Structures are given as structure tokens and as C-alpha cells.
Amino acid sequence: MLAVAEAQARLLALAEPLPIETVLLAEAAGRFAASAVAARRTQPAADLSAMDGYAIRFADLPGPWRVVGESAAGAGLDRAIGAGEAARIFTGAPLPAGADTILIQEETSRDGDRVSLTGDAPARQGLFVRPKGSDFTDDAPLIAPGARLTPARIALAAIGGHGCLAVRRRPCVTILATGDELVEPGAPTAGVMLPSSNGPMLAAMLGDAADVTLHAIVRDDLDALAQAITEAAAHADILVTIGGASVGDHDLVRPALSRAGAELDFWRVAMRPGKPLMAGRLGGTTVLGLPGNPVSAFVTATLFLRPLVAHLAGAADPLPTTHYLPIADTLPANGERAAYLRARIADGALHVLPDQDSASLSTLAAADALVIRPPHAPALPAAASAAFLPLA
Ligand SMILES: Nc1nc2c(c(=O)[nH]1)N[C@H]1C(S)=C(S)[C@@H](COP(=O)(O)OP(=O)(O)OC[C@H]3O[C@@H](n4cnc5c(N)ncnc54)[C@H](O)[C@@H]3O)O[C@H]1N2
Ligand code: MOO
């Protein structure tokens, strides 16, 4: 059995990031910068006031001053401030030449063209002035290649003078659930039939990171499965199968992949849940076979599917980030497989939930975190720091 990190590395090595396209900023959310983004302007473009008030020379304190004009955002004042002079100024407006400090209007009183200090004087020269280029200067690096385009980075690109950005094409992912016991979500469940909960769960986990197609459920029939895999792979960058990954007589995904001509790279990873995970290539498509147990599918999608999608989309760091918090109660020593335990975060600690059955969706839905227990980890005493993945 492969270690989790080794299996992740092998999976990501199966496929290259997708071709580059240019998208409007409004469509860039959640994607990754395909190249470095540099500033096309200086921000602020001039010394600006950070407050509504009066622009003065610090040397003229404590005033009073004669107001000689006004500077508003987007306009400015076409003359310099001399000794004893002030300009009425508003937030975001350019500082007139000669002025160096802002008096906020709450600390002043105005009488005609005369303004005097009635409250606290500015404590230093330059107070409430945003100097030119204090955010960034022209040509400064703003976004590193492979960085996720978060709302803040999209704003940074916009203020840096960009209307669109180079990103990788969004991966097309087809999700194909297999099993004679499955019906589509919402359909009647006669006898021992059950709804395919994994399809909508995985689609939700990918969100807008991928163009997701949910394939119709495929029966446990080798020919039907091989044919469905062949057809689905022709239209997908990533084909995800669910179920049929283990060793039972009805676990047909491996033989069906082989019949379809896929090359399997690995099968079985030293993790719990999620052991029967498999990955390979079929033509230009990366195939990821997830185990059918709902929690196994969730955990393997967290550790493998989402990183694979991010890798194809050009992420520099596609793997999930590990966080740390104290554990509320002692955890026993772990076995040979890395364990991912559903836990709640309360009072700044991780509370591992009692039912860790890999079919228990109610425990999964109650969890905020997956506590990571490395292979052969010794017992962890209460209050010790534990690694976890937060669940969104
Ligand atoms: N003798 C062994 N039996 C099993 C082993 C093993 O090593 N030896 N591994 C176990 C592990 S670990 C897992 S995980 C499961 C994986 O099984 P499969 O991937 O073959 O999945 P199925 O057998 O098709 O289904 C398992 C379980 O999940 C339910 N399921 C399947 N698809 C869905 C879906 N789309 N939505 C909701 N639920 C689904 C299915 O009904 C089964 O209950 O194998 C163990 N067995
Ligand atoms: O490892 Mo399976 O994934 O027991 O649930």
C-alpha cells in the first residue's frame, strides 16, 4: 500500500496543468494565476488624504489657517499651499503641493475662510496622509504564479490596472457512480435501494473549481461500466468513479478500466477510510476511482480529487493545508494506515466524534475537521497538539 503523500505525488504527476485562457476579473474567482501579475500603475497615484478635513503644513501648527481652496477625490487643487494656508480636503483627494498633514474636521472649527484647531493637534507630520506608492508601485509583483485568485487578490489585480487575468482552463470533471443498489437522489428507494449521495457530495466539494458532469448511475455490469467509462473519459479531463473499488465480486471498476484501455498507476493507499483508492490514465483523461463508502469518498476527494483539480487549474500548492489545535481527549495509538477522524471544533479544541464508521454521513455532517493520525502514531494525550484539515 502506498503512503498518502506518495500517492498524492503520483496522482499529480499523472497530468499537466491545462492550457491558459484569459478571463474577466468577475469570472476569475477561485481560479489560479497562470502567470505572475505585476502592477500596471502606482497606488496611490499621488499623496492622498485618508480623512475629511483640512490639508495644512505641520510647521504652521497650532494655526489658525486661511482656507484657499478645495481638493476632492478625483480632482485636486491647482495651486500650492503657502505659510498659514489650508485647503479643504476630502477622503481620497490628492494632497495639494506644500501641504504635508491633515487636520480632521472634527478637531477644527470653521468661520468663513478661517479654520482653527479646537481639538487635538495632529501628533506628527504626515498624519492621515497616504503617501504615493504606499500600497505598491508600478511594476511591483502583485500575485505570484499559481496563487489562488481570492476576492482580495482579484481586488488587488483590479486596482493594479488589470481588467482580466490569465488563468488555466477550468477542468471538466465527470462523476460516475456505480452500484446496483443506487438510485438517483430524490428517486423512490424500494427495498434495500439507496440514493447515490456521493454524486451530489462530490459535485458540491468541487463547487466552481471545475465544470462538473454527474453521469447517470451505472449498474454492476462489466460491459456497461467499461462502455460508460470509455464514453465519459472522452469528454473529461478527470473521470471520477465511485464505488466498486474494493475486492468484492461486484467491484468491477478495476476490470472495467482495464477493459476500457486505462493504465492503472496505483490501487490502495495506506489510509483509513479510503484504502481502495485507485488512479490511472485513460487517453488524455486522469481517472480517479474513489471507494463507495460515503466518508471514504469524502476523505479521498479531500486529499486527492480536490488537489488534482487544483493542480490541473494551475495551483502552485494544490494540497490541503494542515492546521493544528489541541485535542480534547486522549487518542489511542494508530495502526499502519493514516487515519482521518471526524471531529468538532469547540472551545479551541478538537473533539473527535464517537462514531467513525465510514458509512456514517450524520457524523460527517456534524464534523468541522478531519484529525490526521499518521501511520503508527503513538497515543496522543489530551491537550496535545493535533494536525487537522478544516472542513468547509
Ligand atoms: N473483504 C474486503 N472488503 C472490503 C474491503 C477490503 O479490503 N476487503 N475494503 C473495505 C473498504 S476500506 C471500503 S472503503 C469499501 C469500498 O468499497 P467499494 O469502493 O468497492 O464500494 P462499494 O462496495 O461499491 O460500496 C461500498 C458502500 O458504499 C455505498 N455506496 C457506494 N456508492 C455510493 C454512492 N454513490 N452513494 C452512497 N453510497 C454509496 C454502498 O452501498 C456500500 O454500502 O469496501 C470495504 N470492503
Ligand atoms: O477504508 Mo474504507 O475506506 O474502510 O472505509
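Residues numbered from 1 in each chain as written. Chains lettered and ligands numbered in written order. Predicted model: local features only at pLDDT ≥ 70, side-chain atom pairs only at ≥ 80, totals over all residues. Heavy atoms only, no water.

Asks: Which residues make up the pattern of salt bridges, and what are the values?
Replies: Here the idea is simple: oppositely charged side chains can pair when their charged atoms come close. Counting across every chain of the model gives eight salt bridges. Across the salt bridge formed by arginine 57 and aspartate 60, the nearest N and O atoms sit 3.1 Å from each other. You can call arginine 57 partly exposed: its relative accessible area is 26%. Here arginine 79 and glutamate 85 are joined by a salt bridge, their closest N and O atoms 2.4 Å apart. The exposure class of arginine 79 is partly exposed, given its relative accessible area of 33%. Given a relative accessible area of 12%, glutamate 85 falls into the buried group. One salt-bridge network, held together by shared partners, links Arg66, Arg79 and Glu85. (Salt bridge = Lys/Arg side-chain N within 4 Å of Asp/Glu carboxyl O. Buried < 20%, exposed > 50% of the residue type's maximum accessible area, 1.4 Å probe, protein only.)

Asks: Can you tell me about the domain arrangement of the protein, naming the residues and giving the values?
Replies: Interface extent is often summarised as the accessible area lost during association of the parts. Along its sequence, the protein is organised into domain 1 (4–17 + 170–312), domain 2 (30–43 + 135–168), domain 3 (48–130) and domain 4 (323–390). A separation of 35 Å is found between the C-alpha centroids of domain 1 and domain 2. (Domains from an automatic or database assignment.)

Asks: Please give an account of the site of ligand 1 that cites residues and values.
Replies: In the vicinity of ligand 1 there are 21 residues, among which Glu181, Ala245, Ser246, Lys275 and Gly292 approach most closely. In the model, a nitrogen atom of ligand 1 is placed 3.3 Å from a nitrogen or oxygen of the asparagine 198 main chain. Expressed as a share of its isolated accessible area of 870 Å², the protein-covered part of ligand 1 is 69%. Given that more than half its atoms are within 2 Å of the pocket grid, ligand 1 belongs to the second largest pocket. (Near = heavy atom within 4 Å. Polar contact = N/O pair within 3.5 Å; in protein donor to acceptor, adjacent residues only side chain to side chain. Areas by Shrake-Rupley, 256 points an atom, 1.4 Å probe, with all protein chains shown as cover. 1 Å grid on protein atoms, 1.4 Å probe; cavity = no way out; pocket = protein on both sides within 12 Å on 5 of 7 lines; lining within 4 Å. Sits in = over half its atoms within 2 Å of the grid points.)

Asks: Mind laying out the sheet that holds strand 6 (residues 85–89), listing which residues take part and the relevant values?
Replies: Within the open sheet, the six strands sit side by side as 7-4-6-5-9-8. Their pairing is mixed. The sheet is open, and its two edges are formed by strand 7 (101–104) and strand 8 (108–111), each paired on a single side. Each strand of the sheet is rotated relative to its neighbour by a mean of 40°, with strand direction disregarded. (Pairing = 2+ DSSP bridges. Helix = DSSP H or I, 4+ residues; strand = E, 2+ residues; numbered from the N terminus. Axes fitted to C-alpha atoms, helices over the stretch in contact; angles between N-to-C directions.)

Asks: Lay out the packing of helix 4 (residues 222–233) against helix 5 (residues 253–260) in plain terms, naming residues and giving numbers.
Replies: Pairs of packed helices are described in terms of their axes, by the angle between the two and the distance that separates them. Their axes nearest at 8 Å, the elements helix 4 and helix 5 cross at an angle of 55°. Classified by the angle their axes make, helix 4 and helix 5 are oblique. When you trace helix 4 past helix 5, the crossing you get is right-handed. Counting all contacts with helix 4, which are made through Leu222, Asp223, Leu225, Ala226, Ile229 and Thr230, the residues of helix 5 involved are Val253, Pro255, Ala256, Leu257, Arg259 and Ala260. Within the contact of helix 4 with helix 5, the residues separate by chemical class into nine nonpolar, one polar and two charged. (Parallel < 35°, antiparallel > 145°, perpendicular 65-115°, else oblique. Left-handed = near helix turned anticlockwise from the far one by under 90°. Contact = heavy atoms within 4.5 Å. Nonpolar A, V, L, I, M, F, W, Y, C, P; charged D, E, K, R; others polar.)

Asks: Just give me the short version of the side chain of glutamate 85, but keep the residues and values in it.
Replies: Along the polypeptide, glutamate 85 turns up in strand 6. A distance of 2.4 Å separates the side chain of glutamate 85 from the side chain of arginine 79, its partner in a polar contact. Within the structure, the side chain of glutamate 85 is placed 2.7 Å from the backbone nitrogen of glycine 82, a separation counted as a polar contact. Residue contacts for glutamate 85: discarding those within four places in its chain leaves Ala55, Ile56, Asp60, Trp65, Arg66, Val68, Arg79 and Ala80.

Asks: Please provide a residue-by-residue account of the packing of aromatic side chains, values included.
Replies: Inspection of every chain in the model, using the stated rule, returns zero aromatic pairs. The ring of tyrosine 54 has arginine 88 lying over it, and the distance from NZ or CZ to the ring centre is 5.1 Å. Over the aromatic face of tryptophan 267 sits the side chain of arginine 268, whose NZ or CZ is 3.9 Å from the ring centroid. (Phe/Tyr/Trp six-rings, centres within 6.5 Å; stacked < 30°, edge-to-face > 60°. Lys NZ or Arg CZ within 6 Å of the ring centre and 35° of its normal.)

Asks: Give a description of the layout of surface pockets that names residues and reports values.
Replies: Roughly 670 Å³ of volume is contained in the largest pocket. Along its surface, the largest pocket is lined by 27 residues, and Arg148, Arg306, Ala310, Pro318 and Pro320 are the ones closest to its centre. Taken together, the elements giving at least two residues each to the lining of the largest pocket come down to helix 3 (198–206), helix 6 (294–312) and strand 26 (385–390). The element contributing the most residues to the lining of the largest pocket is helix 6, with five residues. Residues belonging to the lining of the largest pocket are distributed by class as follows: 17 nonpolar, six polar and four charged. Mapped by element, the contributors of at least two residues to the lining of the second largest pocket are strand 15 (194–195) and helix 6. Counted by class, the lining of the second largest pocket contains 13 nonpolar, 14 polar and seven charged residues. Each of domain 1 (4–17 + 170–312) and domain 4 (323–390) gives at least three residues to the lining of the second largest pocket. (Points joined across faces, edges and corners; volume = space filled by probe spheres on them.)

Asks: So what's going on with the site of ligand 2? Residues and values would help.
Replies: Around ligand 2 lies a shell formed by Pro273, Gly274, Lys275, Asn293, Ser296, Arg337 and Ser358. Note that an oxygen atom of ligand 2 is positioned 2.6 Å from one of the side-chain N or O atoms of serine 296. Here an oxygen atom of ligand 2 sits 2.7 Å away from a polar atom, N or O, in the side chain of serine 358. Its atoms largely coinciding with the cavity grid, ligand 2 occupies the second largest pocket. Here the residues of the shell around ligand 2 sort into one nonpolar, four polar and two charged.

Asks: I'd like a rundown of the environment of threonine 22, residues and numbers included.
Replies: Take threonine 22: it is sitting in strand 1 (residues 20–24). On the basis of relative accessible area, threonine 22 is assigned to the exposed category, the value being 55%. In this structure the C-alpha to C-alpha distance between threonine 22 and proline 291, which are 269 residues apart in sequence, comes to 36 Å. Threonine 22 has contacts with Cys164, Leu165 and Ala166, leaving out every residue within four places of it along the chain.

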